[in-house]
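Summary of structural features
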Amino acid sequence: NELYRRWSERSGAVDPNDPPSPEEKSPGAIFLSYASEDRGAAEKLKNRLETEGMDVFFDKDRLEGADEWDKKIRRNIRHCSLFLPLISKNTLTLDRRYFRVEWNAALEIEKMTPPGEAFLFPILIDETSIREENLPSRFEALQAMSALGGEAPPDLISRINFIAGTN
């Protein structure tokens, strides 16, 4: 089993629907998922979180030449402590977009998360409502917070710190 686990991790053959064991989870690791048009706001939020000492997976920083990017992204979603989908008017599109793959992977992982443990935390980065028709219905059930333009107020930083277990 140990050999298979190591091979799966190295090869990227990890099933994104297979929940990580507690020792596989990266304590405090945060995954930012966003529409490419929102990269500036996502980067601003990422920088603020990192300034506060948090470990943030941000695709533009963590993907390198020759990486199998889809496998690496799915593996990081699987291993994160907290998944932050950034909600904006750009995420309401009906076009096929990769952030939806990330969201769906996170929604599957959340199903296996123990009761009372937060995994998904929607962040509104513009005036878009969490109740928009084209957003996953699960997001509406969660209390979203705002970081307009990627500017995170202190209460949002405190909440992310608390949920991710970095404090």
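Keep in mind that this is a model prediction, so the values were computed, not measured.

A word on the environment of R100. Examined against the element boundaries, R100 turns out to sit in helix α5 (residues 98-111). Its relative accessible area of 22% is what places R100 among the partly exposed residues. Taking the C-alpha atoms as reference points, R100 and P136, separated by 36 residues in sequence, lie 9.3 Å from one another. Apart from residues no more than four positions distant in its own chain, R100 is found in contact with T91, L92, T93, L94, D95 and N134.

What follows concerns the side chain of S33. Here S33 is to be found in strand β1 (residues 30-33). For S33, a relative accessible area of 0% puts it in the buried group. Within the local environment of S33, its side chain forms a polar contact with the side chain of E102, the two groups lying 2.5 Å apart. Those residues in contact with S33 that lie beyond four places of it in its chain are F83, L84, P85, L86, F99, E102 and W103.

The next thing to look at is the sheet that holds strand β2 (residues 56-57). Ordered in space as β2-β1-β3-β4-β5, the 5 strands form an open sheet in which the pairing is parallel. Two strands close off the open sheet at either side, each with one partner strand: β2 and β5 (145-146). Two elements, β1 and β2, share 2 bridges in a ladder whose sense is parallel. When the sheet's bridge partners are listed, I30 is paired in β2 with V56. Along the sheet, α5 contacts β1 and β3 (82-87); its crossing angle with β3, the most-contacted strand, is approximately 140 degrees.

Counting residues in hydrophobic clusters, the biggest one holds 24 residues, and the most contacted among them are I77, F83 and L120. When contributions to this core are tallied by element, the ones reaching two or more residues are α4 (69-79), β3 and α5. Considering every element that reaches this core, the biggest residue donor is α5, with 6 residues. Grouped together as the second largest cluster of nonpolar side chains are 23 residues, M54, L82, I125 and I157 included.

What follows concerns helix α7 (residues 154-164). Taken residue by residue, α7 has L156, I157, I160, N161, I163 and A164 as its buried positions. In the core, the buried residues of α7 are packed alongside β1, α2 (39-51), β3, β4 (123-124) and β5. Phi turns positive one or two residues past the end of α7, at G165, with a value near 80 degrees.

What follows covers the pattern of salt bridges. Two side chains bearing opposite charge may form a pair once their charged atoms approach each other closely. Applying the stated rule across the entire model yields 8 salt bridges. A salt bridge links E52 to R48; the nearest nitrogen and oxygen atoms lie 3.5 Å apart.

Within the structure shown, the criterion is met by 6 aromatic pairs. Taking 5.4 Å as the distance between ring centres and 10 degrees as the angle between the ring planes, the aromatic pair formed by F31 and F83 counts as stacked. With a gap of 52 residues between them, F31 in strand β1 and F83 in strand β3 connect regions that are remote in the sequence. F83 gets classed as buried once you look at its relative accessible area, which sits at 0%. Here a set of aromatic residues connected by ring pairs shows up, and it is made of F31, F57, F83 and F119.

Cut-off values and rules
Residues numbered from 1 in each chain as written. Predicted model: local features only at pLDDT ≥ 70, side-chain atom pairs only at ≥ 80, totals over all residues. Heavy atoms only, no water. Helix = DSSP H or I, 4+ residues; strand = E, 2+ residues; numbered from the N terminus. Buried < 20%, exposed > 50% of the residue type's maximum accessible area, 1.4 Å probe, protein only. Contact = heavy atoms within 4.5 Å. Polar contact = N/O pair within 3.5 Å; in protein donor to acceptor, adjacent residues only side chain to side chain. Pairing = 2+ DSSP bridges. Axes fitted to C-alpha atoms, helices over the stretch in contact; angles between N-to-C directions. Core = buried A, V, L, I, M, F, W, Y, C linked by side-chain atoms within 4.5 Å. Salt bridge = Lys/Arg side-chain N within 4 Å of Asp/Glu carboxyl O. Phe/Tyr/Trp six-rings, centres within 6.5 Å; stacked < 30°, edge-to-face > 60°.

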